[in-house]
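# A structural walkthrough
Spelled out from the first residue to the last, the chains are:
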Amino acid sequence: MEDLSTNYGSFDEDSLIMCQGNAALQDDEIDAACSYFIKVVRDSSNDANVKYCHSKIAECHYRRDRWRDCMESAKLSFTLPDSEVLFALCLLHKKDPHAALGIIEACDNLSSLSDYVRQELELREPEIRDAVASAPRRLPVIIEEKVKELKVQGNHKFKSKDFNAACKLYRNGIRILEDWFESLGSDSKYRSDKDIIEQVQNLHSVLLSNLLNCEMNQNNLNVCRNLCDKLIDMRSSWKKSYYWSAMCYLSCFQFQEAEQHFNMCLSCPGSENDSISEKIKFVKFLEVHQSRLEGQSILHWQEVFEAHSKNMSWLAGNLFAMSITKIYHETDTHWHMTTSALIDNSGKITNFMAPKYEASEKDRNLINEMKRNEKKKLYVHLTQIKADGSQQIGFTDTDNLSQIAKLSLSVLEEEINCKDVFNAFVKNYLK
């Protein structure tokens, strides 16, 4: 056992507890030994003693095959040779022999290893070198885990719509990767290794994609354009590279370019044809209604498009005709939407036909939504009568609807009037 009085001063309470811990380790009483060292870490004010005990706690975890816990404790005492070697040995168990060998070869003071750690190193080093010979190189685990941790934190912030915080976390992850790669010497094996380059690019591109999503939600289109170019240069065969580029063009109302990049996305491996095809339909929808787009967010128009798709399904058939009633006011003619036609604040129309004496659970929910002003009745009026007797319609009493609902109704009006749908209904059902 090493002379604690030399390394850690007089035999105070810390030293005695550490001696007890080492004695327990020699007797393979791992749990007892760990509790002794944890007590010093918790109670001591001596930094050297605390660092030494972290190294010993790492050894306890290693002996119990708890690789992650061992690495966490070793990080807290990484300047000690035992900790550096234990960390490297854990990397072997985590299938990263290249990083393990790199740490061992960089360790300056292997002669001061404890007996247990020296024996483990002598046993495992041939295994490490054999693994290095047959395994592809990997990004150092300590870098990879830090970057992935920042990505997970950024995802949580994104889900809670804290886009600024998410952007900072994703940018921090990108900076760590870029700084690590730039710090490599020109003769570094990492810099020229295809496996390492691919791993760095894949992780880097995921962070860029997530960052793009955040910036897009904040409508920072100039930033998005630069990030898209960078992403395509980095990973030109990845579907998300072209997806975000298409979304950026779409947000700038450059419809031809957007459609082109969505089609390029379709040609990439792993693309979901249905979702991308739906985006292409959205582009064509916006082209038709581009005169209305000024000052509007693409994200709002996505909701309008989804509402319109549902509303056109509702319009197809007799339900529209069955839910309006003709009302005469002297010289004016109006059409009244009955309670079978309701609109919500996302612009979607709902058919509501509650029975006279008993309503279903769905009907009761709709009634409650009306009471809370989450759904409102629709009313229709004639906007003009043309020389040929055809009529155009519009919706009234919509002042208290959301902007998205108003946009959805205006698009529906245009669809009904352009296709002369209303006149067909008047002819077939209402006259």
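Residues numbered from 1 in each chain as written. Predicted model: local features only at pLDDT ≥ 70, side-chain atom pairs only at ≥ 80, totals over all residues. Heavy atoms only, no water.

So, about the overall build of the chain. Looking only at helices and strands, the chain features 21 helices and seven strands. Classification of the 431 residues of the chain by burial places 46% in the buried group. In the chain, of all internal contacts separated by at least 6 residues, the share reaching a separation of at least 24 is 56%. Surface accessibility of the chain: about 22700 Å² in total, with carbon and sulfur atoms responsible for 48%. (Helix = DSSP H or I, 4+ residues; strand = E, 2+ residues; numbered from the N terminus. Buried < 20%, exposed > 50% of the residue type's maximum accessible area, 1.4 Å probe, protein only. Contact = heavy atoms within 4.5 Å. Areas by Shrake-Rupley, 256 points an atom, 1.4 Å probe, with all protein chains shown as cover.)

Turning to unusual backbone geometry, a few remarks are in order. Within the chain, Asp 65 stands out as a residue other than glycine whose phi angle is a positive 60°. If you trace the backbone, Asp 65 turns up in the loop between helix H4 (47-63) and helix H5 (67-75). One non-glycine residue, Asn 373, lies in the positive phi region at around 60°. Relative to the elements of secondary structure, Asn 373 occurs in the loop between helix H19 (361-371) and strand E5 (375-377). By relative accessible area, which is 48% here, Asn 373 ends up partly exposed.

It is worth spelling out the side chain of His 61 at this point. As for its position among the elements, His 61 is in helix H4. Once residues within four sequence positions are removed from consideration, His 61 is found in contact with Arg 66, Asp 69, Cys 70 and Ser 73.

Bringing the environment of Ala 133 into the picture now. Along the chain, the position of Ala 133 falls in helix H8 (residues 115-134). Looking at Ala 133, the relative accessible area reads 69%, which means it is exposed. Sequence separation of Ala 133 and Pro 97 is 36 residues, and the distance between their C-alpha atoms is 9.2 Å.

This part covers the nonpolar core. Residues Leu 250, Leu 286 and Trp 301 are the most contacted members of the largest nonpolar core, which totals 55 residues. Tallying contributions element by element places helix H12 (residues 194-217) first for this core, with nine residues. In this structure Leu 286 touches Leu 250, Phe 255, Leu 293, Ile 298 and Trp 301, once residues within four positions along its chain are discounted. Of all hydrophobic cores here, the second largest spans 25 residues; its members include Ala 58, Leu 91, Ala 99 and Ile 128. (Core = buried A, V, L, I, M, F, W, Y, C linked by side-chain atoms within 4.5 Å.)

What follows is about the pattern of salt bridges. Taken as a whole, this structure holds 24 salt bridges when the rule is applied. Between Arg 68 and Glu 145 there is a salt bridge, with its nearest N and O atoms 3.8 Å apart. Remark: Glu 145 occurs in helix H9 (residues 141-159) and Arg 68 occurs in helix H5; sequence separation between them is 77 residues. By sharing partners, the salt bridges in this structure join Asp 28, Lys 56, Glu 59 and Arg 63 into a single network. (Salt bridge = Lys/Arg side-chain N within 4 Å of Asp/Glu carboxyl O.)

A separate point is the sheet that holds strand E4 (residues 349-351). Taken in spatial order, the three strands make up an open sheet running E4-E3-E5, and their pairing is antiparallel. Whereas interior strands pair on both sides, the edge strands pair on one side only; in this sheet they are E4 and E5. Each neighbouring strand pair of the sheet contributes to a mean axis angle of 35°, computed without reference to strand direction. Of the strand pairs in this sheet, strand E3 (residues 341-344) and E5 are connected by three bridges, and their pairing is antiparallel. Residue pairing for E5: Leu 342 is matched across the bridge by Lys 377. (Pairing = 2+ DSSP bridges. Axes fitted to C-alpha atoms, helices over the stretch in contact; angles between N-to-C directions.)

Chain-level pLDDT for the chain is 83 on average; 85% of the residues reach the 70-or-more range. When the criterion is pLDDT under 50, residues 1-10 qualifies, and its contacts beyond four places in sequence or with other chains add up to 21 contacts. (pLDDT = per-residue confidence, 0-100.)

Between helix H6 (residues 81-93) and H8, the least distance of the axes is 10 Å, while the angle of their chain directions is 40°. On the basis of the axis angle, H6 is oblique to H8. Regarding H6 and H8, the two cross each other, and that crossing is left-handed. In contact with Asp 82, Val 85, Leu 86, Leu 89 and Leu 92 of H6, H8 contributes Val 117, Glu 120, Leu 121, Arg 124, Glu 127, Ile 128 and Ala 131. (Parallel < 35°, antiparallel > 145°, perpendicular 65-115°, else oblique. Left-handed = near helix turned anticlockwise from the far one by under 90°.)

This part is about the state of the cysteines. What makes a disulfide is a covalent bond joining the sulfur atoms belonging to two cysteines. This model, assessed by the stated rule, comprises zero disulfides. Of all cysteine sulfurs, the one in Cys 167 lies closest to Cys 214, which takes part in no disulfide; the gap is 4.3 Å. (Disulfide = S-S within 2.5 Å.)

Using the criterion set out here, one finds eleven aromatic pairs in the structure. Seen in terms of ring centroids, Phe 282 and Phe 305 are 5.2 Å apart; in terms of plane orientation they differ by 45°. Their pairing is tilted. You can see Phe 282 sitting in helix H16 (residues 273-288) and its partner Phe 305 sitting in helix H17 (residues 298-315), a full 23 residues away along the chain. Through successive ring pairs, a cluster of aromatic residues spans Phe 282, Phe 285, Trp 301 and Phe 305. The cationic tip of Arg 225 hangs over the ring face of Tyr 249; the distance from NZ or CZ to the ring centre is 4.4 Å. The ring centre of Trp 238 lies 4.3 Å from the NZ or CZ of Arg 235, which sits over that ring. (Phe/Tyr/Trp six-rings, centres within 6.5 Å; stacked < 30°, edge-to-face > 60°. Lys NZ or Arg CZ within 6 Å of the ring centre and 35° of its normal.)

Before going further, it helps to examine H19. Of all the residues in H19, the buried ones are Asp 363, Leu 366 and Glu 369. Each buried residue of H19 sits inside an arc of 120° when the element is viewed along its axis, so together they form one side. Buried residues belonging to H19 abut E4 and E5. Just past H19, the residue Asn 373 takes up positive phi, approximately 60°. (Arc of directions from axis to C-beta.)

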